[in-house]
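Per-entry structural report
So you can see what is in the structure, the chains are spelled out below.
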Amino acid sequence: MSDVTAVVKAKGAERWKLGHPWIYRSDVVEAPRDPGIVRVTDRRGKFLGQALFSPRSEIRLRLLDRVDTPIDAAWWGRRIGAALARRGTIDATAYRVVHAEGDGLPALVVDRYGPFVVAQLLSAGLERSRDDVVAGIATALAPDGILLRNDAAIRRHEGLPLEVTPVLGTVPEIVEVKEYGARYLAAPHRGQKTGAFLDQRENRALAGAHARPGGRALDLFTYHGSFALHLARRAAEVIAVDSSVDALARGRDNAALNGLTNITWREANAFDLLRDLERREERFDTIVLDPPAFAKTKDSVTRAIAGYKEINLRAMRILAPGGVLLTCSCSYHVNRGVFAEMLGAAAQDGGRRLQVLAWIGAGRDHPELLTVPETSYLKGALLQALD
Ligand code: SAH
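This is a predicted model, so every value here is computed, not measured. (Residues numbered from 1 in each chain as written. Predicted model: local features only at pLDDT ≥ 70, side-chain atom pairs only at ≥ 80, totals over all residues. Heavy atoms only, no water.)

Side note on the nonpolar core
- Ranked by size, the top nonpolar core spans 36 residues in total, and within it Tyr113, Tyr184, Leu231, Val238, Ile263 and Leu326 carry the most contacts.
- Only strand 9 (116–121), strand 12 (175–179), strand 13 (182–186), helix 6 (226–231), strand 15 (237–242), helix 7 (245–257), strand 16 (263–267) and strand 18 (319–329) provide two or more residues apiece to this core.
- Residue contributions to this core peak at four residues, all from helix 6.
- A domain-level breakdown of this core finds at least three residues from each of domain 2 (73–175) and domain 3 (197–385).
- Ignoring anything within four residues of it in the chain, the contact list for Val238 reads Ala217, Ala228, Leu231, Ala232, Asn262, Ile263 and Thr264.
- One finds Ile239, Leu313, Ala315 and Leu325 within the second-largest nonpolar core, a separate group that totals 33 residues. (Core = buried A, V, L, I, M, F, W, Y, C linked by side-chain atoms within 4.5 Å. Buried < 20%, exposed > 50% of the residue type's maximum accessible area, 1.4 Å probe, protein only. Helix = DSSP H or I, 4+ residues; strand = E, 2+ residues; numbered from the N terminus. Domains from an automatic or database assignment. Contact = heavy atoms within 4.5 Å.)

Section: the sheet that holds strand 6 (residues 59–65)
- Pairing is mixed across the open sheet formed by six strands, whose spatial order is 2-6-5-4-1-3. The open sheet is flanked by strand 2 (22–24) and strand 3 (28–30), the only strands paired with a single partner. Adjacent strand axes in the sheet meet at a mean angle of 40 degrees when their direction is disregarded.
- Direction of pairing for strand 1 (residues 5–8) relative to strand 3: antiparallel, over a ladder of two bridges. Residue pairing in the sheet places Val8 in a bridge with Val28 of strand 3. (Pairing = 2+ DSSP bridges. Axes fitted to C-alpha atoms, helices over the stretch in contact; angles between N-to-C directions.)

Regarding the pairing of strand 6
- With respect to burial, strand 6 is a largely interior element, seven of its seven residues being buried.
- Two strands pair when backbone bridges link them, and strand 5 (residues 47–53) and strand 6 are joined in this way by four bridges, in the antiparallel orientation. Residue pairing across strands places Leu52 opposite Arg62, the latter belonging to strand 6.
- Counting the residues that bridge the hairpin from strand 5 to strand 6 gives five residues.

Some words on the site of the ligand
- Taken together, 16 residues surround the ligand, and among them Arg204, Ser226, Asp242, Ala270 and Asp290 come closest.
- Contact between the ligand and Phe221: a nitrogen atom at 3.0 Å from a main-chain N or O atom of the residue.
- At a separation of 2.8 Å, a nitrogen atom of the ligand approaches a polar backbone atom of Ala270.
- Its free accessible area being 580 Å², the ligand has 88% of it covered by the protein chains.
- Of the residues in the shell around the ligand, the class split is seven nonpolar, six polar and three charged. (Near = heavy atom within 4 Å. Polar contact = N/O pair within 3.5 Å; in protein donor to acceptor, adjacent residues only side chain to side chain. Areas by Shrake-Rupley, 256 points an atom, 1.4 Å probe, with all protein chains shown as cover. Nonpolar A, V, L, I, M, F, W, Y, C, P; charged D, E, K, R; others polar.)

Thoughts on the sheet that holds strand 8 (residues 108–113)
- The strand order 7-8-9-10-11 describes an open sheet built from five strands, whose pairing is mixed. Looking along the sheet, the strands with just one partner apiece sit at the ends: strand 7 (94–99) and strand 11 (163–169). Each neighbouring strand pair of the sheet contributes to a mean axis angle of 20 degrees, computed without reference to strand direction.
- Two elements, strand 8 and strand 9, share six bridges in a ladder whose sense is antiparallel. When the sheet's bridge partners are listed, Arg112 is paired in strand 9 with Val117.
- Against the sheet, helix 2 (residues 73–87) makes contact with strand 7 and strand 8, and its axis sits at roughly 130 degrees relative to strand 7, the strand it touches most.
- Helix 4 (residues 130–141) rests against strand 7, strand 8, strand 9, strand 10 (145–150) and strand 11 of the sheet, and its axis sits at about 150 degrees to strand 9.

Let's talk about the domain arrangement of the chain
- What the domain assignment lists for the chain is domain 1 (5–65), domain 2 (73–175) and domain 3 (197–385).
- If you average the C-alpha positions of domain 1 and of domain 2, the two centres end up 24 Å apart.
- Tallying the contact residues gives 15 residues for domain 1 and 16 residues for domain 2.
- Both faces combined, the contact of domain 1 with domain 2 buries some 1200 Å², and carbon together with sulfur accounts for 57% of it. (Buried area = accessible area lost by both parts, 1.4 Å probe.)

What about the pattern of salt bridges?
- Applying the stated criterion across every chain yields a total of 33 salt bridges.
- Put simply, Asp272 and Arg275 hold a salt bridge, and the shortest N to O gap is 3.5 Å. Of the two residues, Asp272 and Arg275 both sit in helix 8 (residues 270–279), three residues apart, roughly one turn of that helix.
- Classification of Arg275 as partly exposed rests on a relative accessible area of 35%.
- Several salt bridges converge on common partners, so that one network encompasses Arg216, Glu237, Asp276, Arg279, Arg280 and Glu282. (Salt bridge = Lys/Arg side-chain N within 4 Å of Asp/Glu carboxyl O.)

Here we look at the pairing of strand 4 (residues 36–41)
- Of all six residues in strand 4, five are buried, a share of seventy percent or more.
- One ladder, built from three bridges, connects strand 1 with strand 4; its direction is parallel. Note that in strand 4 the partner of Thr5 across the bridge is Arg39.
- Where strand 4 meets strand 5, six bridges bridge the pair, whose relative direction is antiparallel. The partner of Ile37 across the bridge, within strand 5, is Leu52.
- In textbook terms, the turn of a hairpin is the stretch between consecutive antiparallel strands, and for strand 4 and strand 5 this stretch comprises five residues, one of which, Gly45, has a positive phi near 90 degrees.

In structure tokens, the structure reads:
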């Protein structure tokens, strides 16, 4: 029970009723000065719930609990434990335990890398509860170490500093983890996101299962070889491409860790390389396209779609007859419908007939909430060339 109160307009209260945890600045009538956990009421003083309050963000309130109960270390421990239980068994030692709004714990990300935890506190209100949150993680997961990767750019909207802070034990620079039989090295301190792209784990296994035995595979935007490791277990040859030398270096280590010698690592701009491969009429049986978010804002969607279309069109053209293309977009601003339409246009222009084997999304440890569209960002398709 917080003793600090915020008062919201009917429109703000309505959002909570409709299953969305955010109340914006314009719907807040009264609020304290400092960030933290607040009791929220309507104008008549009726209690609506407890929320994280951010005085500087457009998203002022994020719902934590509709009940007037103490939100302390034990509360966080229970909520994180419940999120863990929802994951059931996952065939990996690295996965997301708490996916913020998707798990009803706004602004909190908790990722597990073997015995270590990497967490992100992404709102000013949550930052105030840091000690309780860390204690909750420790209770629910009993890790050997906890690192806060609080260097995500969105913390700037909250007026928070960007920093990487160890808060329990020691988390090593490199941690070896395993997913569906493939081993890889994650980099919790310096790697992208919290050290790896955990959201693609299930799609990596899917791509591996569709790699043609003895065939040729291409993994574009490979990062540290994530898809390539799975493709290489079946394909005769894999070309793994990224523009980051650091990521590729870890990719080579990952291949060695798995005893794989059939991956060729190429530092290149994927756009240029695709053009080149098309000109040389090269063919691949399996292609993975996992680019970074081309649309970072609403305004860049048109340009982003042109970029997605270009790489997909070229990938389709160099796909062997009967070949499989796994293609994705992690741009929140490019929704599933727009993405599917773009793929259709690329197939038309590329002159290929492609069958949809599956529409795909983020792994089940990155849950989406139907009433919170912001939790849906990663979408993709598994396609097979008919001829
Ligand atoms: N497939 C990876 C994640 C890829 S993230 C996984 O499952 O783990 C996107 C990657 O694209 C990053 O590693 C980034 O270095 C790389 N990248 C960004 N722009 C690029 C470009 N134009 N050409 C090649 N790689 C690029």
